[in-house]
Amino acid sequence: MSRALKGKTALVAGGTRGAGRGIATELGAAGATVYVTGRTTRSGRSEMDRPETIEETAERVTDAGGEGIAVRVDHLDPAQVAALVRRIDAERGRLDVLVNDIWGSDHLFQFGRPLWEQSLEDGLRMFRLALDTHAVTSHHALPLLIREPGGLVVEVTDGTAEYNAKYRKECGYFYDIAKTAVLRMALAQSEEIAPYGAAAVALTPGWLRSEAMLEHFGVTEATWRDGAAKDPHFAISESPALVGRAVAALAADPDRARWNGRSLTSGGLARVYGFTDADGSRPDAWRYITEVVDAGRPADVTGYR
């Protein structure tokens, strides 16, 4: 992947932390210029009130070998998104990769409760943050992306189309719908941009070791294996680098159109393209979740990473 994306321009919308940060960093490692957007900067935090910033992500992109450009954008504001796209056009004249990873709803989780017992205000806010933002961003960015053939749209979600076909009751009504709707967004865009030589996919990481997840388990990326003491299935977890390398591999693939409209996983693409997670393994989390966790079997990652 070294320098495979040199001269390419990417927008990682929602690149402050987690999967977005991993994706932006790995696109940079492949040589891309990456615009990193989000609401949390060194001068102020979003409603999630977490310390990670878009400037830190942009610096990681540059340190990895690309060029990281941090731009504070509220993707619920069409005017801010339109201004961002105009800036990318003026500075680069192209957009090769659009990653819609905007989420910002961790604080709105309402797991294990039926719809009528959940906060309607929080649920509708989740819809706004998780869905409206993606639609606003694609609406403004796609005309630039399809200007030249070969563009790629990646809609980041949680769960595959197959897995999310059943109701994820433990996640709750609003979360289930938000993550499933993103799959449909990818499919819709795939149909609309294919005539212009572009492709759109939905992509899910597995059990992601985001900054918040590491805090929850009381571990660091260096000591993440200790998290298995709290939940043995944590042994299948993956770093944000894996989903980042998945996006970089897709963007560098001249035959990326073969994936158009598909629901993909970081672990599945690792097997196809041959990349690994940061520790050299290839965790196949969704197969593990289906065959081990959901089947009620004891934790054992043998054959799954």
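Residues numbered from 1 in each chain as written. Predicted model: local features only at pLDDT ≥ 70, side-chain atom pairs only at ≥ 80, totals over all residues. Heavy atoms only, no water.

- An unreviewed UniProt entry lists the chain under the name NAD(P)-dependent dehydrogenase, short-chain alcohol dehydrogenase family, with Actinomadura meyerae given as the organism.

## Notes on the nonpolar core
Part 1 of the reasoning: Ranked by internal contacts, the top residues of the largest apolar core, which has 34 residues, are Ile23, Leu27, Val34, Val99, Val154, Leu203 and Leu269.
Part 2 of the reasoning: With 8 residues, the top contributor of residues to this core is helix α7 (residues 240–252).
Part 3 of the reasoning: One finds Leu84, Leu95, Leu98 and Ile193 within the second-largest nonpolar core, a separate group that totals 20 residues. (Core = buried A, V, L, I, M, F, W, Y, C linked by side-chain atoms within 4.5 Å. Buried < 20%, exposed > 50% of the residue type's maximum accessible area, 1.4 Å probe, protein only. Helix = DSSP H or I, 4+ residues; strand = E, 2+ residues; numbered from the N terminus.)

## A few points about the side chain of Glu238
Part 1 of the reasoning: Relative to the assigned elements, Glu238 resides in the loop between α6 (211–217) and α7.
Part 2 of the reasoning: There is no salt bridge for the buried Glu238, and the closest opposite charge comes from Arg305, which lies 7.3 Å off by N-O distance.
Part 3 of the reasoning: Sequence-distant contacts of Glu238, defined by excluding residues within four places in its chain, comprise Pro205, Gly206, Trp207, Leu208, Arg209, Ser266, Asp277, Pro283 and Ala285. (Lys, Arg positive; Asp, Glu negative; His and termini not counted. Salt bridge = Lys/Arg side-chain N within 4 Å of Asp/Glu carboxyl O. Contact = heavy atoms within 4.5 Å.)

## Some thoughts on the side chain of His75
Part 1 of the reasoning: The residue His75 is located in the loop between β3 (67–72) and α3 (78–92) in this model.
Part 2 of the reasoning: The class for His75 is buried, based on a relative accessible area of 3%.
Part 3 of the reasoning: A polar atom in the side chain of His75 sits 2.7 Å from the side chain of Thr37.
Part 4 of the reasoning: Within the structure, the side chain of His75 is placed 2.7 Å from the side chain of Thr137, a separation counted as a polar contact.
Part 5 of the reasoning: Look past the residues within four positions of His75 in its chain and what remains in contact with it is Ala13, Thr37, Val81, Leu84, Ile102, Thr133, Val136 and Thr137. (Polar contact = N/O pair within 3.5 Å; in protein donor to acceptor, adjacent residues only side chain to side chain.)

## Focus on the packing of α3 against helix α4 (residues 120–145)
Part 1 of the reasoning: At a closest axis distance of 9 Å, the pairing of α3 and α4 adopts a crossing angle of 20°. With respect to each other, α3 and α4 are oriented roughly parallel. Here α3 and α4 pass one another in a crossing that is right-handed. Contact residues: α3 offers Pro78, Val81, Ala82, Val85, Ile88 and Asp89, while α4 offers Val136, Thr137, His140, Ala141 and Leu144.
Part 2 of the reasoning: Class assignment of the residues belonging to the contact of α3 with α4 gives a composition of 8 nonpolar, 2 polar and 1 charged. (Axes fitted to C-alpha atoms, helices over the stretch in contact; angles between N-to-C directions. Parallel < 35°, antiparallel > 145°, perpendicular 65-115°, else oblique. Left-handed = near helix turned anticlockwise from the far one by under 90°. Nonpolar A, V, L, I, M, F, W, Y, C, P; charged D, E, K, R; others polar.)

## With respect to a nonpolar patch on the surface
Part 1 of the reasoning: Where nonpolar side chains cluster on the molecular surface, the patch consists of Leu115, Trp116, Tyr167, Tyr173 and Ile177 and spans about 540 Å² of accessible area.
Part 2 of the reasoning: Secondary-structure assignment places Trp116 in the loop between β4 (97–100) and α4. (Patch = residues over 30% accessible without salt bridge, like charges linked within 9 Å, V, L, I, M, F, W, Y side chains within 5 Å. Areas by Shrake-Rupley, 256 points an atom, 1.4 Å probe, with all protein chains shown as cover.)

## Notes on the sheet that holds strand β7 (residues 263–265)
Part 1 of the reasoning: Read from one edge of the open sheet, 7 strands run β3-β2-β1-β4-β5-β6-β7, paired in parallel fashion. One side of each edge strand has no neighbouring strand; the edge strands of this open sheet are β3 and β7. The average undirected angle you get between the axes of adjacent strands in this sheet is 20°.
Part 2 of the reasoning: As defined by bridge partners, strand β1 (residues 9–13) adjoins β4 across 4 bridges and the pair is classed as parallel. Bridge pairing in β4 places Val12 opposite Val99. (Pairing = 2+ DSSP bridges.)

## Looking at helix α8 (residues 266–273)
Part 1 of the reasoning: Of all the residues in α8, the buried ones are Ser266, Gly267, Gly268, Leu269 and Ala270.
Part 2 of the reasoning: On its buried face, α8 sits against β6 (199–204), α7 and β7.
Part 3 of the reasoning: Two residues or fewer past α8, Gly274 is found with a positive phi of approximately 85°.

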